[in-house]
Amino acid sequence: MMYKIISVTNRNEIAFSLPKGEILSNKDTISRLASQVGLIINDSDIIKAQSFSDKYHMNVLVLIVNKDGISFLPDRYFKF
C-alpha cells in the first residue's frame, strides 16, 4: 500500500497516511512531500515516526508536514 494524501493546506501543510510497515521504505516519498512545503527532514525524523508507530501498535500512521517540522499521530485521531 502506498501513501494516501489526506489534505493539503495552501501548500503550507500536507497530511498523509502510511501503513506502519511502509514508513522507512517510503523515506524518499516522505522527503519529497516535505520539500513541497519547504521542509528538509532527516532520517532521524523518519525513524522517530516508525518508532512511534511500532511503540503504539498502529496499523496506519498519519504524518503532518509543515514549515515547522513533521508531526505524526494515529489515524484514529484524524478524520478522513
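These figures come from a predicted structure and were not determined experimentally.

What is the right way to read the sheet that holds strand β1 (residues 4–9) from this model?
Two pairing modes exist for strands in a sheet, parallel and antiparallel, and in both the strands are linked by backbone hydrogen bonds. Read from one edge to the other, the open sheet built from four strands follows the order β1-β2-β3-β4, with strand pairing classed as antiparallel. The open sheet is flanked by β1 and β4 (69–74), the only strands paired with a single partner. Geometrically, the sheet is characterised by an average inter-axis angle of 20 degrees between neighbouring strands, direction not taken into account. Taken together, the seven bridges between strand β2 (residues 13–19) and strand β3 (residues 60–66) define a ladder with antiparallel strand orientation. Counted as the bridge partner of Leu18 is Leu61 from β3. Across the sheet, helix α1 (residues 27–35) touches β1, β2, β3 and β4, and the angle it forms with β2 is around 170 degrees.

Please clarify how the pairing of β4 should be interpreted in this entry.
Where a strand is regular, its side chains alternate between the two sheet faces. In the sheet, β3 pairs with β4 via six bridges, with the strands oriented antiparallel. Looking at the pairing, Leu61 lines up with Pro74 of β4.

Sorry if this is basic, but what is going on with the pattern of salt bridges here?
Scanning the model with the defined rule gives two salt bridges in all. With a shortest N-O distance of 3.7 Å, Lys27 and Asp43 are connected by a salt bridge. Taken together, the residues span a long stretch of sequence, with Lys27 in helix α1 and Asp43 in helix α2 (residues 43–55) at a distance of 16 residues. The residue Asp68 makes a salt bridge to Lys67 at a minimum N-O spacing of 3.6 Å. One exposure class covers both Asp68 and Lys67, and it is exposed.

In this structure, what is going on with the nonpolar core? I would like to understand it.
Note that soluble globular proteins tend to have their nonpolar side chains buried in a common cluster. One finds Phe16, Ile23, Ile30, Ile41, Leu63 and Val65 to be the most contacted residues of the largest nonpolar core, which totals 17 residues. When neighbours within four sequence positions are excluded, Ile41 is seen to be in contact with Ile30, Ser31, Ala34, Ile46 and Ile70.

Rules behind the numbers
Residues numbered from 1 in each chain as written. Predicted model: local features only at pLDDT ≥ 70, side-chain atom pairs only at ≥ 80, totals over all residues. Heavy atoms only, no water. Pairing = 2+ DSSP bridges. Helix = DSSP H or I, 4+ residues; strand = E, 2+ residues; numbered from the N terminus. Axes fitted to C-alpha atoms, helices over the stretch in contact; angles between N-to-C directions. Contact = heavy atoms within 4.5 Å. Salt bridge = Lys/Arg side-chain N within 4 Å of Asp/Glu carboxyl O. Buried < 20%, exposed > 50% of the residue type's maximum accessible area, 1.4 Å probe, protein only. Core = buried A, V, L, I, M, F, W, Y, C linked by side-chain atoms within 4.5 Å.

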